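# Fold and geometry: a report
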Amino acid sequence: MKKSDVVQTIFQQHIPAIPQHEKGLAFAPTNIALCKYWGKREVELNLPVTSSLSISLPDKGSLTSIFVHDKPRDVVILNDKEVPDDSPFVKRIGQFLDLFRQERKWYLKIDIKMNIPVAAGLASSACGFASLVTALNDLFGWSLSQRQLSILARIGSGSAARSLWKGFVEWHAGVQPDGMDSFAEPLPFTWPELCVGILSISTQEKPVSSREAMQRTVSTSVLYSSWPKKVGQDLSIMKQALHLKNFTLLAGTAESNALNMHATMLSSWPPVCYFLPETIAAMHKIWDVRKREGLDLFFTEDAGPNLKLLFLDKDKEKVLALFPELEVIKVFDPE
Ligand code: PMV
């Protein structure tokens, strides 16, 4: 099955290509996985081996404006700078847009404003594709459902399936070969006291893309076979923790899940190691303060060296005293 087949299934026959407004506009938040997506059962469609669960950061993400223009190519502007045509970033966007260009060849000016570093393990591709597909829906008046947009965002970048919503989100792995049952949905929990702190260690582009690292892990890590079982357990514990509003259970399970994911990467060959010395130093600091003072502070880490700290509002001052450079984000608006 090809990506274009998925697009055909969603649109049936005809993909509307007449702009309904002067511009399409959408914001999509970045999302941090508490239970990670790591490994694909089908590479072309980004179909995951397991389900996953994330939390969206409300004001961090990508604001995308798109305009149809007369030039015979797409022009991408990222944070006010035009990105060269031959860059992988522009090529990836162009290939994605080609899926929606049928008989009428339209080209876009795409203006992306991102307030997170690009390709540094802060889910820039997730919010990027989610906002692009939502902006297309707006510009061409497609009136697609959030579920359909989640499927389309997923074929751009797997974790983008989850960036269609705020709050807690679950991406169902699905079982169908065409992936029509592999979409994300919001979970009905709010947690106003929950804080995520971004501990920025490096904003450099990562040396190995998550796409490449995932494939390498699936095909070479002997530990990978234990990963689906671990995710199954963690997902059910996390949902229980959300029901019980048990922070220690939720955040502890998230930390364990992230470390298990990194263990599968470390055991692949050539090894994939996103940790920098500063990442490990920060982990030790967290483990130490948890042990010595009983502080409820945990972390998660994605395909990059930066940590995302998890804690409750009541501990914010203590956490900031330990990590003064931390950017603290309240995930939910106060009730
Ligand atoms: O969607 P991708 O290809 O950027 O992969 C995301 C992988 C992780 O961020 C490490 C985990 C996740 O679930 O977001």
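The structure displayed is predicted, hence computed values, not measured ones.

### Things to note about the environment of Met283
Summarising the element assignment, Met283 is placed in helix α8 (residues 277–293). In this structure Met283 comes out as buried when scored by relative accessible area, which is 2%. Beyond its immediate stretch of four places on either side in the chain, Met283 contacts Leu259, Phe275, Phe299, Glu301 and Leu307.

### Observations concerning the site of the ligand
The environment of the ligand is made up of 14 residues, and the closest members are Ala33, Tyr37, Ser159, Arg162 and Ser210. Measuring from an oxygen atom of the ligand, one finds a side-chain N or O atom of Asp302 at 3.3 Å. Protein contacts shield 90% of the accessible area of the ligand, which totals 380 Å² for the unbound molecule. Residue composition of the shell around the ligand, grouped by class: six nonpolar, five polar and three charged.

### Quick word on empty space enclosed by the protein
Scanning the model with the defined rule gives one cavity of 30 Å³ or more in all. Computed from the structure, the largest cavity encloses a volume of approximately 40 Å³. Around the largest cavity, the lining residues are Leu34, Ile55, Leu194, Phe247, Leu250, Ala251 and Leu310. Considering every element that reaches the lining of the largest cavity, the biggest residue donor is helix α7 (residues 247–266), with three residues. Residue composition of the lining of the largest cavity, by class: seven nonpolar, no polar and no charged.

### Comments concerning the packing of aromatic side chains
For the structure on display, the rule yields twelve aromatic pairs. Pairing Phe11 with Trp142 gives two aromatic rings, centres 4.9 Å apart and planes at 75 degrees, and the pair type is edge-to-face. Placement of the pair is Phe11 in helix α1 (residues 3–11) and Trp142 in the loop between α3 (124–139) and α4 (146–156), with a sequence separation of 131 residues. Trp142 carries the same exposure label as Phe11, and that label is buried. Between Trp106 and Phe140, the ring centres sit 4.9 Å apart and the planes meet at 50 degrees, which makes this aromatic pair tilted. Taken together, the residues span a long stretch of sequence, with Trp106 in the loop between α2 (88–98) and β7 (107–114) and Phe140 in the loop between α3 and α4 at a distance of 34 residues. Note on accessibility: Trp106 and Phe140 belong to one class, buried. Among the aromatic side chains, those forming a connected cluster through ring pairs are Phe11, Phe96, Phe100, Trp106, Phe129, Phe140 and Trp142. Sitting over the face of the ring of Trp106, Arg101 holds its NZ or CZ atom 5.1 Å from the ring centroid. Over the ring of Phe67 we find Lys109; its NZ or CZ atom is 5.1 Å from the centre of that ring.

### Section: α1
What α1 keeps buried is the set Val6, Val7, Ile10 and Phe11. Considered in projection along α1, the buried side chains sweep an arc of 120 degrees and stay on one side of the axis. Looking at the buried residues of α1, the elements they touch are α4. Once α1 finishes, Gln12 follows within two positions and takes phi at roughly 65 degrees, a positive value.

### Focus: a nonpolar patch on the surface
Together, Leu25, Phe27 and Leu63 make up a nonpolar patch on the protein surface, roughly 240 Å² of accessible area in all. Among the secondary structure elements, Phe27 is positioned in strand β1 (residues 24–35).

### Comments concerning α7
Across its 20 residues, α7 extends 28 Å between first and last C-alpha, which sits within 8% of the 28 Å expected from 1.5 Å per residue. Of all the positions in α7, only Phe247, Leu250, Ala251, Thr253, Ala254, Glu255, Asn257, Ala258, Met261, His262, Thr264 and Met265 are classed as buried. For α7, the N-terminal cap is Asn246; the gap from its side-chain oxygen to the backbone nitrogen of Thr248 is 3.3 Å.

### A closer look at the packing of α1 against α4
Interhelical geometry of α1 versus α4 gives an angle of 170 degrees and a closest axis separation of 11 Å. Put simply, α1 runs roughly antiparallel to α4. Helix-helix and strand crossings are classified by hand; for α1 and α4 the assignment is left-handed. For the pair α1 and α4, contact is made by Lys3, Val6, Val7, Ile10 and Phe11 and by Gln148, Ile151, Leu152 and Ile155, respectively.

### So, the pattern of salt bridges
Summed over the entire model, instances satisfying the criterion amount to 19 salt bridges. Here Lys60 makes a salt bridge to Glu327, at a shortest N to O gap of 2.6 Å. With a gap of 267 residues between them, Lys60 in strand β4 (residues 52–69) and Glu327 in strand β13 (residues 327–330) connect regions that are remote in the sequence. Using a relative accessible area of 13% as the deciding quantity, one classes Lys60 as buried. On the basis of relative accessibility, which here comes to 36%, the residue Glu327 falls in the partly exposed class. For the salt bridge of Lys245 with Glu193, the shortest nitrogen-to-oxygen distance reads 3.1 Å. One end of the pair, Lys245, is in the loop between α6 (227–244) and α7; the other, Glu193, is in the loop between β9 (184–186) and β10 (194–199), with 52 residues separating them in the sequence.

Basis of the calculations
- Residues numbered from 1 in each chain as written.
- Predicted model: local features only at pLDDT ≥ 70, side-chain atom pairs only at ≥ 80, totals over all residues.
- Heavy atoms only, no water.
- Helix = DSSP H or I, 4+ residues; strand = E, 2+ residues; numbered from the N terminus.
- Buried < 20%, exposed > 50% of the residue type's maximum accessible area, 1.4 Å probe, protein only.
- Contact = heavy atoms within 4.5 Å.
- Near = heavy atom within 4 Å.
- Polar contact = N/O pair within 3.5 Å; in protein donor to acceptor, adjacent residues only side chain to side chain.
- Areas by Shrake-Rupley, 256 points an atom, 1.4 Å probe, with all protein chains shown as cover.
- Nonpolar A, V, L, I, M, F, W, Y, C, P; charged D, E, K, R; others polar.
- 1 Å grid on protein atoms, 1.4 Å probe; cavity = no way out; pocket = protein on both sides within 12 Å on 5 of 7 lines; lining within 4 Å.
- Points joined across faces, edges and corners; volume = space filled by probe spheres on them.
- Phe/Tyr/Trp six-rings, centres within 6.5 Å; stacked < 30°, edge-to-face > 60°.
- Lys NZ or Arg CZ within 6 Å of the ring centre and 35° of its normal.
- Arc of directions from axis to C-beta.
- Patch = residues over 30% accessible without salt bridge, like charges linked within 9 Å, V, L, I, M, F, W, Y side chains within 5 Å.
- Salt bridge = Lys/Arg side-chain N within 4 Å of Asp/Glu carboxyl O.
- Expected span 1.5 Å × (residues − 1).
- Axes fitted to C-alpha atoms, helices over the stretch in contact; angles between N-to-C directions.
- Parallel < 35°, antiparallel > 145°, perpendicular 65-115°, else oblique.
- Left-handed = near helix turned anticlockwise from the far one by under 90°.

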